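# Working through the structure, step by step
Next come the chains, spelled out residue by residue.
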Amino acid sequence: MQEVIDRVFIENVYPGVTLGAIIRENGLVLVDSPFRQDDTRAWRAALLHLNGGTSRILVQLDTHIDRSMGAKAMECTILSHIEAANIFQTRPASIKAQTLDAGAEWETYNGLSSIRWGTPHITFSDHISIHWDEKPVEIDYKPGIANGSVWVDLPEEKVLFIGDMVVCSQPPFLSDADLPLWINHLESLFEPRYQDYLLIGGRDGLVTLDNVQNQMNFLIEVHNRVQELADQKASLEVVSHLVPDLMKILIDVPAKLYDLHEKRLTYGLQMYYAHRYLDKNNKKETH
């Protein structure tokens with residue numbers, strides 16, 4: 001566990017997610033959870049050593065299975081955006097019914113069967129603050145990567161948890177994205193209000209503005225190429241032809257993870273194109 005600033009910790013040892021723990025006088029504010037049961041138990045045990053009291057509230061940055069599967073096992077109050085809560089309510093309990101070819105981390109592990117999704121106890125629509133001492137924890141709705149995604153802002157400490165908004169050495173998750181909105185959120189990280197902030201990515205821990213710029217460049221390239229196909233009224237199958245060139249743009253993709261990441265990018269592009277363009281065209285044709 002790494003203390004990035006006084007009483008603010010992150011943990012990167014569990015697959016698929018960077019976890020956060022923020023110590024406040026009234027207890028711990030947690031950011032996301034591991035997806036494996038053994039890891040959840042280990043994380044809960046590690047939190048006991050922080051001496052943060054028994055009160056805990058878990059903030060879910062988005063609905064991705066890698067960071068939401070283990071929420072209920074954390075046995076604490078769960079906070080999420082109202083859109084995320086709606087998604088959790090419609091998910092099947094069996095992990096076998098979930099997508100198995102999206103290139104997510106959890107798909108590479110065995111022993112995952114049924115899930116008891118953690119129903120959020122607290123939801124919000126735009127902004128909510130946790131006041132457990134004189135240092136507030138601000139949570140803002142930041143769609144772009146997906147409906148229901150949020151940022152956790154610690155303005156006193158100047159720490160910002162941005163989830164999958166920035167990922168390094170891997171393709172982002174595009175299936176539920178709104179790329180123009182995502183790019184706008186990334187641009188905001190260069191504004192004066194975030195000067196001197198520590199940025200915490202949902203997969204990589206501390207990320208830099210160079211990482212933010214690299215993510216922006218990649219998303220802009222994806223957006224432009226997909227838009228060209230949409231203008232040509234290309235079929236869904238054609239979208240996957242973009243994958244080899246886009247994989248070359250990514251920086252430092254580990255060779256052992258190349259196939260997984262290629263699968264993720266292929267799935268994400270096809271789902272994004274279908275939702276963003278094909279579904280809209282179909283709706284227009286029915287009116």
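Being a predicted model, the structure only gives us computed values, none of them experimental. Each chain carries its own residue numbering, running from 1 in the direction its sequence is written. Whole-chain, interface and lining totals are the exception, using all residues; otherwise, since this is a predicted model, local features are given only for residues with pLDDT of at least 70 and side-chain atom pairs are given and counted only at 80 or more. As a convention, hydrogens and water are excluded, and side-chain values are obtained from all of the structure's heavy atoms.

## Brief notes about the overall build of the chain
- Helix and strand assignments come from DSSP, with helices taken as H or I runs of at least 4 residues and strands as E runs of at least 2, each series counted from the N terminus. Scanning the chain from N- to C-terminus turns up 8 helices and 13 strands.
- Sequence separation of at least 24 residues holds for 64% of the intrachain contacts in the chain that already meet a minimum separation of 6.
- Using the Shrake-Rupley algorithm and a 1.4 Å probe, accessible areas are obtained, with residue cover drawn only from the displayed protein chains. Summing over all exposed atoms, the chain offers an accessible surface of approximately 13,300 Å²; the carbon and sulfur share of this is 47%. What makes two residues a contact is simply this: any of their non-hydrogen atoms within 4.5 Å.

## Things to note about the packing of helix α4 (residues 179-188) against helix α5 (residues 209-231)
- Interhelical geometry of α4 versus α5 gives an angle of 160° and a closest axis separation of 10 Å. Taken together, α4 and α5 sit at an angle that is classed as roughly antiparallel. Crossing hand, α4 versus α5: left-handed. Between α4, through Leu 179, Pro 180, Trp 182, Ile 183, Leu 186 and Glu 187, and α5, the contact on the second element is made entirely by Val 212, Gln 215, Met 216, Leu 219, Ile 220, Val 222 and His 223.
- Residue composition of the contact of α4 with α5, grouped by class: 10 nonpolar, 2 polar and 1 charged. Working convention: axes come from line fits to C-alpha atoms, limited for helices to the stretch in contact. Angles between N-to-C directions cover 0 to 180 degrees. The scheme is simple: roughly parallel for angles under 35 degrees, roughly antiparallel for over 145, roughly perpendicular for 65 to 115, oblique for anything else. Two helices cross in a left-handed way if the nearer one is turned anticlockwise from the farther one by less than a right angle. They cross in a right-handed way if the turn is clockwise. Any residue outside Ala, Val, Leu, Ile, Met, Phe, Trp, Tyr, Cys, Pro, Asp, Glu, Lys and Arg is labelled polar, Gly included; the first ten of those are nonpolar and the last four are charged.

## Observations concerning the sheet that holds strand β1 (residues 2-5)
- We treat two strands as partners when DSSP finds at least two bridges between them. One open sheet holds the 7 strands; their spatial order is β1-β2-β3-β4-β5-β6-β7, and the pairing between them is mixed. The strands lining the two open edges of the sheet, one partner per strand, are β1 and β7 (122-124). For this sheet the average axis-to-axis angle between neighbouring strands, irrespective of direction, equals 25°.
- Two strands pair when backbone bridges link them, and strand β6 (residues 77-81) and β7 are joined in this way by 3 bridges, in the parallel orientation. Its bridge partner lying in β7, Leu 79 is registered against Ile 122.
- The sheet contacts of helix α1 (residues 37-48) involve β2 (8-11), β3 (19-24), β4 (27-31) and β5 (56-59), and relative to β3 the element is tilted by about 25°.

## Quick word on the environment of Trp 182
- Of note, Trp 182 is situated in helix α4.
- Throughout, exposure labels follow a simple rule: accessible area from a 1.4 Å probe, protein chains only, divided by the maximum for the residue type, with under 20% read as buried, over 50% as exposed, and the rest as partly exposed. Overall, Trp 182 belongs to the buried group, its relative accessible area being 0%.
- Along the sequence, Trp 182 and Pro 143 sit 39 residues apart, while their C-alpha atoms lie 7.2 Å from each other.
- The contact partners of Trp 182, leaving out residues within four places of it in the chain, are Gly 144, Ile 145, Asp 164, Met 165, Pro 172, Phe 173, Leu 174, Ala 177 and Leu 219.

## Considering the pairing of β4
- The element β4 is largely enclosed, with a buried count of 5 among its 5 residues.
- In this structure, β3 lies alongside β4, joined through 5 bridges in antiparallel fashion. Opposite Ile 23, over in β4, you have Leu 28 as the bridge partner.
- Hairpin remark: β3 followed by β4, antiparallel, with 2 residues in the connecting loop.
- The sheet contact formed by β4 and β5 spans 4 bridges and is parallel. What sits directly across from Val 31, in β5, is Val 59.
- Here a crossover is taken to be right-handed if, once the strands point away from the viewer, the path from the first strand over the helix to the second is traced clockwise. Regarding topology, α1 serves as the crossover connection from β4 to the parallel β5, and that connection is right-handed.

## A few points about α1
- Multiplying 1.5 Å by the residue count of a helix minus one yields the expected span of that helix. For α1, with 12 residues, the first-to-last C-alpha span of 17 Å sits near the 16 Å given by 1.5 Å per residue.
- Taken together, the buried positions of α1 are Asp 39, Thr 40, Trp 43 and Leu 47. Looking straight down α1, one finds that the buried residues subtend no more than 100° of arc, so they occupy a single side. Seen from the open side of α1, the exposed residues pointing more than 90 degrees away from its buried face are Gln 37, Asp 38 and Leu 48. Each direction from the helix axis to a C-beta atom contributes to the arc, which is the arc of those directions.

## Section: the pattern of salt bridges
- By definition here, a salt bridge exists when the distance from a side-chain nitrogen of Lys or Arg to a carboxyl oxygen of Asp or Glu is within 4 Å. Summed over the entire model, instances satisfying the criterion amount to 15 salt bridges.
- Across the pair Asp 133 and Arg 24 runs a salt bridge, and its minimum N-O distance is 3.5 Å. Pair noted here: Asp 133 is in the loop between β8 (127-130) and β9 (137-141) and Arg 24 is in strand β3, with a separation of 109 residues, a long-range link.
- Owing to a relative accessible area of 3%, Arg 24 belongs among the buried residues under this scheme.
- Ionic pairing is found between Arg 24 and Glu 157, a salt bridge with its closest N-O pair at 2.9 Å.

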